[in-house]
Amino acid sequence: MDAKVEAKLEALPTEPGVYLMKDRRGEIIYVGKAINLRNRVRSYFTRTGDTRAFVSLLDKFLADIETVIVHNEKEALLLENELIKKHKPRFNVLLKDDKQYISLRLDKKQTYPRLEVVRRYEKDGARYFGPYSSASAIRETLRLINRYFHLRTCTDHVLANRKRPCLLHQIGRCPAPCVYPVPPEDYKNSVDEVVLFLEGKAGELVAGLRARMKQASGELKFEEAARIRDDALSRARFTFRWRDQFALSLDPETA
């Protein structure tokens, strides 16, 4: 093994991240991700380690290893995907059908944000949840979130140009900020609750709903308190019922 590679193996970090293997010309020949960079990369060079065909060729081609540390496994997954598509390393298995992982995007800078499914992560200041590997599960989750938390589903263009409320408003699933003066602070409450749900903070979500109901009652806004109570009950039931299935069906692939 090349002395430079041996030195790199000894100095590998133990944090999560992405590793790039390079040949003697500096060309990236393989990109991978790991929860523990040191353990994963060193496993290529043990007898009981990785048994894929290209691994036996590493002694011939490998001249350098570069690592990029990230905060968690999901960030490593995103970065690995981007680097594979950018550099097209010869030893990486091509992503079948140009597969990209699916995420949920929420731009809280907007007055009336919407939750949307995206396949690309942008550095635009929005909140991204994911990535997830099950497109069908995340789309079903999005449908149910919109049903219980009442965020708008229309595009920004439709929001700015609609003259009449849509069917979702008529069946009580959207406050129709496109045509009605919905108080931004009320809408923000729903947005914050969606964030808590997607972060798996069911307890905080329910506690917040109870606090809002108590405040409305204290201000003698009994109709509003009753509405918040009804919303709290339906959202709490949905949150706790869906939580286990959410965790099982939406976890990103770890292969």
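Reading the values: rules and limits
- Residues numbered from 1 in each chain as written.
- Predicted model: local features only at pLDDT ≥ 70, side-chain atom pairs only at ≥ 80, totals over all residues.
- Heavy atoms only, no water.
- Buried < 20%, exposed > 50% of the residue type's maximum accessible area, 1.4 Å probe, protein only.
- Helix = DSSP H or I, 4+ residues; strand = E, 2+ residues; numbered from the N terminus.
- Pairing = 2+ DSSP bridges.
- Phe/Tyr/Trp six-rings, centres within 6.5 Å; stacked < 30°, edge-to-face > 60°.
- Lys NZ or Arg CZ within 6 Å of the ring centre and 35° of its normal.
- Axes fitted to C-alpha atoms, helices over the stretch in contact; angles between N-to-C directions.
- Contact = heavy atoms within 4.5 Å.

### Structural notes on the pairing of strand E2 (residues 28–34)
Of all 7 residues in E2, 7 are buried, a share of seventy percent or more. Both strand E1 (residues 17–22) and E2 contribute to a ladder of 6 bridges, which runs antiparallel. Bridge pairing in E2 places Leu20 opposite Val31. Once E1 ends, the chain turns through 5 residues before running back antiparallel as E2, passing Gly26 with a positive phi of about 85°.

### So, the packing of aromatic side chains
Following the criterion strictly, the structure yields 6 aromatic pairs and no others. Relative to Phe197, the ring of Phe149 has its centre 6.0 Å away and its plane inclined at 40°; by these criteria the two rings are tilted. Here Phe197 lies in helix H8 (residues 184–198) and Phe149 lies in helix H5 (residues 135–149), a separation of 48 residues in the sequence. With respect to burial, Phe149 and Phe197 carry one shared label: buried. For the cation-ring pair, Arg90 lies above Phe91, with the distance from its terminal atom to the ring centre recorded as 5.9 Å.

### As for the sheet that holds E2
Taken in spatial order, the 3 strands make up an open sheet running E2-E1-E3, and their pairing is antiparallel. Sheet topology places E2 and strand E3 (64–69) at the edges, where each strand pairs with a single neighbour. Between one strand axis and the next, the sheet turns by 20° as a mean value, whatever way the strands run. Pairing analysis gives 6 bridges linking E1 to E3, with the strands arranged antiparallel. Pairing of Tyr19 across the sheet is with Thr67, part of E3. Most of the contacts of helix H4 (residues 73–87) go to E2, to which it runs at about 170°, and overall it touches E1, E2 and E3.

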